[in-house]
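Structure assessment
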Amino acid sequence: MHRFLSAPVAVCHSIEATRLIEATAMADLPPRALMQRAGQSLARFALAVAPHARTIWIACGPGNNGGDGMEAAIHLRRLHPNVVVTWFGDMRQLPSEAKQALEAAMEAGVTFAIQPPDSLRPGDLCIDALLGIGANRAPKGKMNEWLQLMRSAPSDLISVDVPSGLDAESGVLLPNMGFGETTMMAGILLPGALPDITRSVKHPQQRRYTLTFLSGKPGLLTGEGIDLAGEIWLDPLGAETWVRAVQPEWTVNRSKPKRVVDHHAHKGARGDVVIVGGAGDAQKDHSMAGACTLAGAAALHGGAGRVYMHLLDARAPRNNPLQPELMYRSIRDLDLQKVTAVCGCGGGDAVGTLIPDLFTDCKQLVLDADALNVVATDAALRTLLQYRAQMGWQTVMTPHPLEAARLLGRKDAAEVQANRLQAVRELVDVFECVVVLKGSGTLIAGPGMPCHINVTGNSRLATAGTGDVLAGFIGALMAQGMPAFEAACAAVRRHGEVADEWPTATQLTALDVAHRL
Ligand SMILES: NC(=O)C1=CN([C@@H]2O[C@H](COP(=O)(O)OP(=O)(O)OC[C@H]3O[C@@H](n4cnc5c(N)ncnc54)[C@H](O)[C@@H]3O)[C@@H](O)[C@H]2O)[C@H](O)CC1
Ligand SMILES: [K+]
């Protein structure tokens, strides 16, 4: 058993692949052996997490996830004076291993309670063994109520394999599920009536763990899965050989930026970047030039040798005393074959007029924000992107979920969020370039590449301008010679790491991120 994200290589399998691993491992082992290993592992983990728990509540569900809980109960009951086991299920419908586990638990003297423990205190432990990878609908009624109770309790929480009700692949909570205090109104429970909250309002600091079995699950690392899962531990249950035999679909992003560090390097060797965007509206007295400044600062601090700025806002000043290294030039005066262009930051509709030239002339291109909105509405640009791919030219797109929805012709961001992993793959297929789908658990995918899930970063990056900084940074790494996919992975990882390293009591601005890259 080990902390999943501390391993040098951490991979995730789809549910289908996990089932295949489970089936091949089970075929080579005596009946119930894998579940017994899971139970033993869970019991050990429970005692390590909450050694002073006054009460351990194991909530077991109707399938094999519940079976894992019962196997753990057999061990914990010998080692702890107050283990409360509740079980949802129908003996006739239990899968065979879980049924054997239930019978063994009864034989071992495990008693089953009808209700959860009366009071749960800090230091106590809840074990969610309600649903695992077999969850196929939103938990309702009492199961949902008990899940809410566990997730809003002051005690620690271990989710077995997967937090119940989470789609282990997409990281989305199965719909119509409400949590925590906000679903109680005037003493009446309103499941799913209000938006889901995945952190208890009353006890936001609840320690959460997920002990997952066999292999990593992508849904624990993206979307709502991150908050629900907490700290992830993995026990391959001795089935490593079978795990290795099945190709993983996702890998945790570990890439690091490679910058030009040679002593003899001159500024030309570090590559040139041009930032294109920063539109203005004289009538409204608006200017988006700041977005370009942020991307430019990120490109400089990301190691580019020279950074040019093509500003669309004619009124915006052509110098920035706070970042005097930035050089203001029109793209018409640059050799576009030799620069990496970062296009779209604050570009408005006006950026559309420059995109065809950039697409046909620029071998290395990062498309962000308004450039993506232009691409979404212009089929000819899609063809140009395919042409670029055939030429071996490199393009990176960095949409947030709403931009991704526009690119894919979906109704709204929620449709993308409903299956981020599928969305990023579709974007790669349609646009034939590297795609960074931003958001909680940013995803990076490219043609012929395994999808990378990023695990650095936190909600402090959800401020204006951080996207411009990421785009500028990717451009800087490409300009220094990193291939597009590697540059995107490395930039996303470092960008998130800056937020993780930043002192919690200090506000983090986009410019701070740029300066720390
Ligand atoms: N088999 C083994 O030796 C091991 C299994 N492991 C654990 O098993 C689960 C997967 O088990 P499975 O039975 O396929 O799925 P679940 O336990 O998640 O439950 C499926 C069960 O529940 C019903 N169901 C689905 N959604 C709901 C809902 N919202 N409300 C009520 N009931 C629901 C569904 O119809 C089925 O009857 C895996 O995650 C591991 O924890 C271990 O890997 C060890 C070896
Ligand atoms: K669970």
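Everything below is about the structure printed above this text.
Residues numbered from 1 in each chain as written. Chains lettered and ligands numbered in written order. Predicted model: local features only at pLDDT ≥ 70, side-chain atom pairs only at ≥ 80, totals over all residues. Heavy atoms only, no water.

1. Considering the coordination of the potassium ion (ligand 2)
Here is the rule: Coordinating donors are taken to be N, O and S atoms lying within 2.8 Å of the metal, or within 3.2 Å when the metal is Na, K or Ca; because water is excluded from the atom set, some sites may appear incomplete. Four donors are marked tetrahedral only if all angles between them lie between 85 and 135 degrees, whereas four are marked square planar and six octahedral if opposite donors are more than 155 degrees apart and the other angles lie between 65 and 115; the remainder are marked irregular. Where helices and strands are cited, they refer to DSSP runs of H or I of at least four residues and of E of at least two residues respectively, numbered from the N terminus. Partly exposed describes any residue whose relative accessible area lies between the buried limit of under 20% and the exposed limit of over 50%, with all areas from a 1.4 Å probe on protein chains only and scaled to the type maximum.
All of the protein donors around the potassium ion (ligand 2) are Asn65 (OD1), Asp128 (O), Leu131 (O), Val160 (O), Val162 (O) and Ser164 (OG); their distances to the metal are 2.6 to 3.1 Å. The coordination sphere of the potassium ion (ligand 2) comprises 6 donor atoms, whose angles at the metal cover 67 to 168°; the geometry is irregular. Counting gaps between the donor residues of the potassium ion (ligand 2) yields the pattern N-x62-D-x2-L-x28-V-x1-V-x1-S. In this pair, Asn65 is assigned in helix α3 (residues 64-79) and Val162 in the loop between β7 (156-160) and β8 (184-185), connecting sequence segments 97 residues apart. The same class applies to Asn65 and to Val162, which are both buried.

2. Regarding the pairing of strand β19 (residues 364-367)
Defined as follows: Note on handedness: a clockwise path from strand one over the helix to strand two, with the strands aimed away from the viewer, defines a right-handed crossover.
Of the two faces of β19, the one carrying Gln364 and Val366 and the one carrying Leu365 and Leu367 are both buried. Crossover connection from strand β18 (residues 339-343) via helix α9 (residues 355-361) to parallel β19: handedness right-handed.

3. Regarding unusual backbone geometry
Note: most peptide bonds trans; most residues except glycine with negative phi. Although it is not a glycine, Asp161 adopts a positive phi angle of roughly 70°. Tracing the chain through its elements places Asp161 in the loop between β7 and β8. When its relative accessible area of 8% is taken as the criterion, Asp161 is described as buried.

4. Concerning the sheet that holds strand β1 (residues 2-3)
Our working rule: At least two bridges found by DSSP between two strands is the condition for calling them paired. We call two residues in contact whenever any of their non-hydrogen atoms come within 4.5 Å of each other. Structural elements are reduced to axes, namely lines fitted to C-alpha atoms, with helices fitted over the stretch in contact, and the angle between N-to-C directions of any two is expressed from 0 to 180 degrees.
What the 8 strands build is an open sheet, ordered β1-β11-β10-β7-β6-β3-β4-β5; its pairing is mixed. Only two strands of the sheet have a single partner each, and these edge strands are β1 and β5 (112-113). Of the strand pairs in this sheet, β1 and strand β11 (residues 231-235) are connected by 2 bridges, and their pairing is antiparallel. Directly across from Arg3, in β11, lies its bridge partner Trp233. Sheet contacts for α3: β3 (56-60), β4 (83-87), β5, β6 (125-129), β7 and β10 (208-213); angle to β3, the most-contacted strand, approximately 150°.

5. A closer look at helix α11 (residues 379-391)
We count it as follows: To estimate the expected span of a helix, count its residues, drop one, and scale the result by 1.5 Å. This arc is built from the directions going out from the helix axis to the C-beta atoms.
With 13 residues, α11 should reach 18 Å at 1.5 Å per residue; the first-to-last C-alpha distance of 19 Å fits that figure. Of the residues making up α11, those classed as buried are Leu381, Leu385 and Arg388. Taken around the axis of α11, the buried residues stretch over an arc of 55°, which confines them to a single face. Residues of α11 that are exposed and point over 90 degrees away from its buried face: Ala379, Ala380 and Gln390. Where α11 is buried, its residues touch α9, β19, α10 (369-376), β20 (394-397) and α14 (420-431). One or two residues past the end of α11 sits Gly392, with phi positive at roughly 80°.

6. Points about the packing of α3 against helix α4 (residues 96-107)
Cut-off, in case you're wondering: Here is the rule for angles: anything less than 35 degrees is roughly parallel, anything more than 145 is roughly antiparallel, 65 through 115 is roughly perpendicular, and the remaining ranges are oblique. Each crossing gets its hand from how the near helix is turned against the far one by less than a right angle, where anticlockwise is left-handed and clockwise is right-handed. For this scheme, ten residues count as nonpolar: Ala, Val, Leu, Ile, Met, Phe, Trp, Tyr, Cys and Pro. Four count as charged, namely Asp, Glu, Lys and Arg, and the remainder, Gly too, count as polar.
The geometry of α3 relative to α4 is characterised by a closest axis approach of 8 Å and an angle of 25° between their N-to-C directions. In this view, α3 runs roughly parallel relative to α4, as classed from their interaxial angle. For the crossing formed where α3 meets α4, the hand is left-handed. Of the residues in α4, those in contact with Asn64, Gly67, Met70, Glu71 and Ile74 of α3 are Glu97, Ala98, Ala101, Leu102, Ala104 and Ala105. Here the residues of the contact of α3 with α4 are counted per class, giving 7 nonpolar, 2 polar and 2 charged.

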